[in-house]
Amino acid sequence: MSGNLNAMTLRLKQDVPVAEASLDSALIAVSTLMTSVVTARQRVGVAPKTGQASILRLAKAQLSLVEVSGDVLRVHGELADIAQETAGLDVHECPNQAKATGAQLTVVA
């Protein structure tokens, strides 16, 4: 059982930061698309109502990604609590694990 627990712990230490980073990447991609759509509308000189339905859908997609990201972060915390309770594991290195996956956030202003 101990070997199985260790294997599952290692798997989760790898998978959780990857999921978090992937959601951040998806949010950045949708935000970039939003910028491109609005910029294209403005530069082409079409009426402000043009593409409004698409912009609204992109805004909903952004909000959904933010909500999903929050849920995954909560799962991360719950898994850390389970690891502590089940195996007495100290998972304070979680933020460093995320850095080790190569996941990086870019500040966009």
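A quick note: this is a predicted structure, and the numbers were derived from the prediction, not measured. (Residues numbered from 1 in each chain as written. Predicted model: local features only at pLDDT ≥ 70, side-chain atom pairs only at ≥ 80, totals over all residues. Heavy atoms only, no water.)

Chemist: Help me understand the pattern of salt bridges, please; the structure alone is not making it clear to me.
Modeler: Close approach of charged atoms allows side chains of opposite charge to pair. Tallied over the full model, the rule gives two salt bridges. A salt bridge links arginine 11 to aspartate 15; the nearest nitrogen and oxygen atoms lie 2.9 Å apart. A residue pair is termed a helical-turn pair when its members lie 3 or 4 positions apart in one helix, as arginine 11 and aspartate 15 do in helix H1 (residues 2–44) at four residues. We classify aspartate 15 as partly exposed; its relative accessible area is 35%. Among the ionic pairs, arginine 74 bridges to aspartate 71, the shortest N-O distance being 2.6 Å. With arginine 74 and aspartate 71 both in helix H2 (residues 52–87), this residue pair falls three residues apart, about one helical turn. Given the relative accessible area of 41%, aspartate 71 is considered partly exposed. (Salt bridge = Lys/Arg side-chain N within 4 Å of Asp/Glu carboxyl O. Helix = DSSP H or I, 4+ residues; strand = E, 2+ residues; numbered from the N terminus. Buried < 20%, exposed > 50% of the residue type's maximum accessible area, 1.4 Å probe, protein only.)

Chemist: Explain the nonpolar core here, please?
Modeler: Across soluble globular proteins, you tend to see nonpolar side chains buried next to one another. Core analysis: the biggest nonpolar cluster contains six residues, these being Leu23, Val30, Met34, Ile55, Leu58 and Leu65. Leave out the neighbours within four places in its chain, and leucine 65 touches Leu23, Ala26, Leu27 and Val30. (Core = buried A, V, L, I, M, F, W, Y, C linked by side-chain atoms within 4.5 Å. Contact = heavy atoms within 4.5 Å.)

Chemist: Where do I start with the side chain of serine 69 in this structure?
Modeler: You can see serine 69 is positioned in helix H2. Look past the residues within four positions of serine 69 in its chain and what remains in contact with it is Leu23 and Asp24.

Chemist: I tried to follow the side chain of arginine 41 on my own but got confused; where do I start?
Modeler: Here arginine 41 lies in helix H1. Buried within the structure, arginine 41 lacks any salt-bridge partner; glutamate 67 is the closest side chain of opposite charge, at an N-O distance of 22 Å. Of note is the side chain of arginine 41, whose polar atom sits 3.3 Å from the backbone oxygen of threonine 50. (Lys, Arg positive; Asp, Glu negative; His and termini not counted. Polar contact = N/O pair within 3.5 Å; in protein donor to acceptor, adjacent residues only side chain to side chain.)

Chemist: Can you help me understand the confidence of the model for the chain in this one?
Modeler: Note that predicted coordinates carrying low pLDDT should not be read in detail. With 79% of its residues at a pLDDT of at least 70, the chain reaches an overall mean of 84. A low-confidence stretch, residues 101–109 stays under pLDDT 50, and its non-local contacts, those more than four residues away or across chains, total five contacts. (pLDDT = per-residue confidence, 0-100.)

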